[in-house]
Amino acid sequence: MKREKTKRITSIGGQALMEGIMMRGPLKSTVGVRRTDGSIELEEIKPLNLTQKYKILRLPILRGVAGMIDSLVTGNKALMMSADKMIEGEEAAGIEEEPSKLDLWLDKHFGEKAVGVIMGISTTVAVLFCVAVFFFVPTWLFNLLANAVPALNDHMIWRSAFEGILRIVLFLIYMALVTLNKDIKRVFQYHGAEHKTIFCYEHGLELNVENVRKQTRFHPRCGTSFIVLMLIVGILIGLFIPFTNVWLRSAVKILLLPVTVGIGYELIRICGRHDNIITHIIAAPGMWMQHLTTKEPKDEMIEVAIAAMKDVIPENGEDIIR
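Only a predicted model underlies this, so the values are computations on that prediction, with no experimental measurement involved. (Residues numbered from 1 in each chain as written. Predicted model: local features only at pLDDT ≥ 70, side-chain atom pairs only at ≥ 80, totals over all residues. Heavy atoms only, no water.)

Asker: Explain the packing of helix 6 (residues 182-202) against helix 12 (residues 299-312) here, please?
Answerer: Two quantities define a packed helix pair, namely the angle between the helix axes and the distance between the axes. The contact between helix 6 and helix 12 brings their axes to 9 Å, and the two run at 50 degrees. As far as their axial angle goes, helix 12 and helix 6 are oblique. Like other packed secondary-structure pairs, helix 6 and helix 12 cross with a definite hand, here right-handed. Counting all contacts with helix 6, which are made through Arg186, Gln189, Tyr190, Ala193, Glu194, Thr197, Ile198 and Tyr201, the residues of helix 12 involved are Met301, Ile302, Val304, Ala305, Ile306 and Met309. (Axes fitted to C-alpha atoms, helices over the stretch in contact; angles between N-to-C directions. Helix = DSSP H or I, 4+ residues; strand = E, 2+ residues; numbered from the N terminus. Parallel < 35°, antiparallel > 145°, perpendicular 65-115°, else oblique. Left-handed = near helix turned anticlockwise from the far one by under 90°. Contact = heavy atoms within 4.5 Å.)

Written out as structure tokens, the structure reads:
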């Protein structure tokens, strides 16, 4: 896929939320949410900024791990913030759903902490599910196959390729399935609005709906591309793990996750800063995946992205990477 050349490269990035977008600039981060009354509410959010607090975390590989932790924590906080604003808007508009028995039980035992408890349980279940599906299952399936075809054990490349490709296929299936949910589809539309707005800014155009709408929704610095690169890097790292035992091999892969994250981050960083045939090849799988994780946004979604973007652009131009 041929990528348009940008006039400038910025450090500004973002994340799609529930009826909103978080934009992260070099000096501040802002959550923009479309309220039920049609207005756009902006609120600043404080990221961890681990690389600014600890110089050692600015080193290659380590900065990728720090960035991942920062993104997960800040992104979860922004998601909670957008969800709260949606609930507030619905309550203000008189839109209330009959609470379920589970809602009543949680409210009785945890009160205001109920939402946090639900998010904690959901996160724990999601992490355990990902570990099982993306680490344990591929190795277990290959061992079954190798028992039937012993020759496959002669070369580690077969094992690593099988495990890696299966992870990518599972990720594709998962993304295709979640897209069927209308709420997730709207999040993906906001994701598209985020990318288009950043591209518009990088091209030096005025930030308005018409200019943003013309931009592509596929961006090389996307988190989707980062995940895909991690999956590919995982195949290469798997070549150097000699263990075939399901538990031991899975444990080593989990322990090596920081290395995978760090290398993936460096690759996505290179793709975001350089525009040549090599970076096009590196970015291509992630750009293809964005056909699933980004959708064409509506104008009102673009307006939210523009509002959040304008709020994080420094007046002194410190967001431009030279």
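Moving on from the coordinates now.
Asker: Can you walk me through the pairing of strand 3 (residues 20-24) in this structure?
Answerer: A regular strand places its side chains on the two faces of the sheet in alternate fashion. Of all 5 residues making up strand 3, 5 are buried, and the element is well covered by its neighbours. Residues Gly20, Met22 and Arg24 point to one face of strand 3 and Ile21 and Met23 to the other, with burial holding for every one of them. Summarising the sheet, strand 2 (residues 13-17) and strand 3 pair through 5 bridges and their orientation is antiparallel. Across the sheet, Gly13 pairs through a bridge with Arg24, a residue of strand 3. With antiparallel pairing between neighbouring strands as the criterion, strand 2 and strand 3 make up a hairpin whose turn holds 2 residues, including Glu19 at a positive phi of roughly 55 degrees. Here strand 3 runs beside strand 4 (residues 29-34); their pairing, made up of 5 bridges, is antiparallel. Bridge pairing in strand 4 places Met23 opposite Thr30. In sequence, strand 3 turns back onto strand 4 through a hairpin of 4 residues. (Buried < 20%, exposed > 50% of the residue type's maximum accessible area, 1.4 Å probe, protein only. Pairing = 2+ DSSP bridges.)

Asker: What am I meant to see in the sheet that holds strand 5 (residues 40-45) here?
Answerer: Hydrogen bonds between backbone atoms are what pair the strands of a sheet, whose relative direction is either parallel or antiparallel. Spatially, 4 strands are ordered 2-3-4-5 in an open sheet, and the strand pairing comes out antiparallel. Both edges of this open sheet fall to strand 2 and strand 5, since each of them pairs with a single strand only. Each strand axis lies, on average, 20 degrees off the axis of its neighbour in the sheet, ignoring direction. Here strand 4 pairs with strand 5 via 6 bridges, running antiparallel. Looking at strand 5, one finds that Ser29 is bridged to Ile45. Strands in contact with helix 6 are strand 2, strand 3 and strand 4; relative to strand 2, the strand with the most contacts, it is inclined by about 160 degrees.

Asker: How should the packing of aromatic side chains be read in this particular structure?
Answerer: The way to describe two aromatic rings as a pair is by their centre distance and the angle between their planes. Throughout the structure, instances matching the rule amount to 2 aromatic pairs. Aromatic pair Phe136 and Trp247: ring centres 4.9 Å apart, planes at 45 degrees, arrangement tilted. With Phe136 in helix 4 (residues 114-148) and Trp247 in helix 9 (residues 246-255), the pair connects residues that are 111 residues apart, well separated along the chain. Between Phe142 and Phe162 the ring centres are 5.5 Å apart and the planes differ by 55 degrees, which places this aromatic pair in the tilted class. Here Phe162 lies in helix 5 (residues 156-178) and Phe142 lies in helix 4, a separation of 20 residues in the sequence. (Phe/Tyr/Trp six-rings, centres within 6.5 Å; stacked < 30°, edge-to-face > 60°.)

In short, the description is geometric, and any link to function would need to be established separately.
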